[in-house]
Amino acid sequence: MNWLFVVAALAVMGLHLPKAFTAFYALLALLAWRSRSAAAPEPWLRRGCLLLLLFGLSYAAISVHYGLWRFGGRDLLDLISMLVLPAAGLWIGARAATQLSWRQMGWLWLAYGLGALLYTWAVLLHGRVLVPGGEWLDLLRHRRDSVIAVPWGTDPSMNVRSIEQNAALAAAWLVPGAWLLLRGLQRRLGLVLLVSGLAGLAAVLCFSGRLGWLVAALGAVPVLVALAVPRQWWLSALAVGTGLLVALWPRLRSRLYDERFDRFAGFFPAAPSFPWGGNQLHFQAFDQQRQVLMQFDARQGELMHNVLFDIYVRVGWLPLLLLLLALLPLLLRALPNLAAALRQSGPQGGEQAGALIGAGLLITLTVQWLFQPLIYGDGLLFYLGFLLLGYLAAKLPATSAAA
């Protein structure tokens, strides 16, 4: 029964039902209880948790100092979440790694991803098909709209990019699902992942999005790791891909190039003038696609469309440094553990399939952090990432620890 509550909490989070954050706190409490008998944490984990605590504290304190948050209402809940959830997610995820197998944790990520996919389609149907005069073709006719009505939540409508990202995780499962299906192991799971990936990309198409396609393409990387493709093949594929991109760039530029790149280019020269944040950053950058001068002004609410840059713009270099000092060592531990799990091919393939699902979540988080703004980003997905990272960093390969 305990396990069913854990899975249900992830599904509620993915569906963004009311009190979804309460479900996340309940999830952490259940996982903490389940892993209560785990061994004492290692020094690297204690350092990571301390750095994340300092990150949350400095982020919250500087936000209050500038008046970006206040001690009341929704701001108070955001303050508590930033203070508690990054460090707690890392700690509990690492302890859960000693108790839960890759397959079990894969079910958790699957529950969240399917819930998020259902939420995406619920929004699409509510906002475009079930409205008075709505038709199925409106799913594509209105794909250029910037906002859409949502069926539940505190706001009646939301930015479409905030909704679209909920389909990205399912898109990451497209290639792994097809591979599991073709292998003949975990056929049912492979079919679920494949169908979910197709539904996720269909939602991305309805939003005229691009990040979902990138996530789907990167979803092939865990399969290549699972196949243990030799390094020289990786280098050859990279060389061929780079050559094709250079050769086809004039034709692809209008489809692949994005104003984010011009914004990022303008960020670096201007950033040293605003080291303490406060949403004061402003600069001019040349938009290569439209051939016009672009104005960026955080004082007017504009965002960098990058989680790390947005943190710098909001609260300055110190919280960002603390976050990076925590994340980089954890990633150096997590990636080899994940790669080893992807190469484990047991008789049923359940552990490997769980690792594929977890890898899809890591890919989705990476793309979201690089190309989505923090304020529009899914707060639940942002905090869930620390739980995933704690698990990946602490989970030893099956050859050296019981799954």
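One can find the structure itself at the top, above this paragraph.
## Observations concerning the packing of aromatic side chains
Link 1 in the chain: The final tally for this structure, using the stated rule, is 16 aromatic pairs.
Link 2 in the chain: Between Phe267 and Tyr312, the ring centres sit 5.7 Å apart and the planes meet at 85 degrees, which makes this aromatic pair edge-to-face. Here Tyr312 lies in helix α15 (residues 307-315) and Phe267 lies in helix α14 (residues 259-270), a separation of 45 residues in the sequence. Here Phe267 and Tyr312 have matching classes, each one buried.
Link 3 in the chain: Feature note: the residues Phe21, Trp369, Phe382, Tyr383 and Phe386 constitute an aromatic cluster, connected by ring pairs.
Link 4 in the chain: Sitting over the face of the ring of Trp33, Arg36 holds its NZ or CZ atom 4.0 Å from the ring centroid.
Link 5 in the chain: If you follow Arg183 out to its NZ or CZ, it ends over the ring of Trp179, 4.7 Å from the centre.

## A look at the side chain of Asp297
Link 1 in the chain: Considering the arrangement of structural elements, one finds Asp297 in strand β4 (residues 292-297).
Link 2 in the chain: Not counting residues up to four positions away in its chain, the partners in contact with Asp297 are Leu281, His282 and Glu302.

## Some points on α15
Because an α-helix completes one turn every 3.6 residues, residues spaced three or four positions apart along the sequence face the same direction.
Link 1 in the chain: Summarising burial for α15: eight of the nine residues are buried, a large majority.
Link 2 in the chain: Among the residues of α15, Val307, Phe309, Asp310, Ile311, Tyr312, Val313, Arg314 and Val315 are the ones counted as buried.
Link 3 in the chain: Turning to α15, the residues buried within the fold contact α3 (43-65), α14, α16 (317-342), α17 (350-371) and α18 (379-394).
Link 4 in the chain: Where α15 begins, the capping side chain belongs to Asn306, and its oxygen is found 3.0 Å from the backbone nitrogen of Leu308.

## Regarding the environment of Ala96
Link 1 in the chain: Structurally, the position occupied by Ala96 is in helix α4 (residues 73-96).
Link 2 in the chain: Note: C-alpha distance between Ala96 and Gln165 (69 residues apart in sequence) is 27 Å.
Link 3 in the chain: Excluding residues that lie within four positions of it along the chain, Ala96 makes contacts with Ser35 and Tyr391.

## Some remarks on the packing of helix α2 (residues 20-34) against α18
Link 1 in the chain: It is at 11 Å that the axes of α2 and α18 come closest, and there the two elements cross at 10 degrees. The orientation of α2 relative to α18 falls into the category roughly parallel. Across the interface between the two elements, Ala20, Phe21, Phe24, Leu27, Leu28 and Leu31 from α2 touch Gly379, Leu380, Tyr383, Leu384 and Leu387 from α18.
Link 2 in the chain: Looking at the contact of α2 with α18, its residues break down into ten nonpolar, one polar and no charged.

## Let's talk about the pattern of salt bridges
Link 1 in the chain: The final tally for this structure, using the stated rule, is six salt bridges.
Link 2 in the chain: Between Arg141 and Glu135 there is a salt bridge, with the nearest N and O atoms lying 3.0 Å from each other.
Link 3 in the chain: Classification of Glu135 as partly exposed rests on a relative accessible area of 41%.
Link 4 in the chain: We note a salt bridge from Glu259 to Arg263, for which the minimum N-O separation is 3.2 Å. Residue Glu259 and its partner Arg263 are both found in helix α14; the two are separated by four residues, about one turn of the helix.
Link 5 in the chain: Look at Arg263 and you get buried, because its relative accessible area is 7%.

Conventions we followed
- Residues numbered from 1 in each chain as written.
- Predicted model: local features only at pLDDT ≥ 70, side-chain atom pairs only at ≥ 80, totals over all residues.
- Heavy atoms only, no water.
- Phe/Tyr/Trp six-rings, centres within 6.5 Å; stacked < 30°, edge-to-face > 60°.
- Helix = DSSP H or I, 4+ residues; strand = E, 2+ residues; numbered from the N terminus.
- Buried < 20%, exposed > 50% of the residue type's maximum accessible area, 1.4 Å probe, protein only.
- Lys NZ or Arg CZ within 6 Å of the ring centre and 35° of its normal.
- Contact = heavy atoms within 4.5 Å.
- Polar contact = N/O pair within 3.5 Å; in protein donor to acceptor, adjacent residues only side chain to side chain.
- Axes fitted to C-alpha atoms, helices over the stretch in contact; angles between N-to-C directions.
- Parallel < 35°, antiparallel > 145°, perpendicular 65-115°, else oblique.
- Nonpolar A, V, L, I, M, F, W, Y, C, P; charged D, E, K, R; others polar.
- Salt bridge = Lys/Arg side-chain N within 4 Å of Asp/Glu carboxyl O.

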